[in-house]
Amino acid sequence: MNKCKRGYLLILILACALMATACKKDTSNVENTDTQNSQSVEADNTGDSKKPANDKEEATQTPSPSKGTQIDIYGINEDSLESEPAHAVIEGEVSAKSIVQAVVDDFAAKSIEIGIYDVTQEDDKVIVSFEYGKAPLANVGSDVEETILNCISDSLMDNLSNCKAVIFRAEDGSYESGHFAFDFDEVYASE
């Protein structure tokens, strides 16, 4: 190979190497921005009075009506294990099922899997049945179990004007865990 061809080949290899490194997108900054936006939304869930730093963040916190309906629900405070206000966006109709699902999703974001078997509304009562083998019937302590029950019942009664009472069951039977037991139609919470 002559010197001229080696020179062109060397320049071509260097140019390709430079283009490859110049075109490589730095995603760490994008991930940090997403994390910061997520944290500012979570800060709003904890009741902090922090305002978003810019309009973009505010847009992610307050969706337009065409994207869903924002409602106030209750979730769990990971430090105290007590109920705390949170926000959720309901796609479609706000119903007993969608409210319970919003609470379940909030707990799932904190690594607590709630097993919902069924949600039904009979007149002014909402009946929530849980799956065996999942929270709140299993895998949680009495404090977390009580918080789950309180979060679901409070979220339902606060968001459904026709919900005056909440009944909890275990699948098709009475609610019974290692900590709590309720009769088949026993009202857990009422107005």
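To keep things clear, this report deals only with the structure shown in the data block. (Residues numbered from 1 in each chain as written. Predicted model: local features only at pLDDT ≥ 70, side-chain atom pairs only at ≥ 80, totals over all residues. Heavy atoms only, no water.)

What follows concerns the overall build of the protein chain. The number of helices and strands found in the protein chain is five helices and seven strands. Ordered by position in the sequence, the α and β elements of the protein chain form the string α-α-α-β-β-α-β-β-α-β-β-β. Expressed as a percentage of the 191 residues in the protein chain, the buried residues total 32%. Pairs at least 24 apart in sequence give 50% of the contacts found in the protein chain among residues at least 6 apart. As displayed, the protein chain offers around 11900 Å² of accessible surface, 50% of which is attributable to carbon and sulfur atoms. (Helix = DSSP H or I, 4+ residues; strand = E, 2+ residues; numbered from the N terminus. Buried < 20%, exposed > 50% of the residue type's maximum accessible area, 1.4 Å probe, protein only. Contact = heavy atoms within 4.5 Å. Areas by Shrake-Rupley, 256 points an atom, 1.4 Å probe, with all protein chains shown as cover.)

Here the focus is unusual backbone geometry. A negative phi angle characterises most non-glycine residues, just as the trans form characterises most peptide bonds. Cis geometry is found at the peptide bond from alanine 135 to proline 136, where omega equals 5°. Looking at the element boundaries, proline 136 is found in the loop between strand E4 (125-130) and helix H5 (142-159). Located in the positive-phi region is aspartate 123, a residue other than glycine, with phi close to 55°. Structurally, aspartate 123 can be placed in the loop between strand E3 (116-122) and E4.

Attention now moves to the nonpolar core. Note on soluble globular proteins: their nonpolar side chains tend to be buried together. Of all hydrophobic cores here, the largest spans 37 residues; its most connected members are Val128, Phe130, Ile152 and Leu156. If you list the elements that add at least two residues to this core, you get strand E1 (69-76), strand E2 (83-90), helix H4 (96-108), E4, H5 and strand E5 (165-170). Apart from residues lying up to four places away in sequence, leucine 156 is in contact with Ala96, Ile99, Val100, Val126, Val128, Cys163 and Val166. (Core = buried A, V, L, I, M, F, W, Y, C linked by side-chain atoms within 4.5 Å.)

Attention now moves to H5. Taking 1.5 Å per residue as the helical rise, H5 with its 18 residues ought to reach 26 Å, and the 26 Å between its terminal C-alpha atoms agrees with that figure. Where H5 is concerned, the buried positions are Val144, Glu145, Thr147, Ile148, Leu149, Cys151, Ile152, Ser153, Ser155, Leu156 and Met157. Residues of H5 that are buried sit in contact with E1, E2, H4, E4, E5 and strand E7 (187-190). (Expected span 1.5 Å × (residues − 1).)

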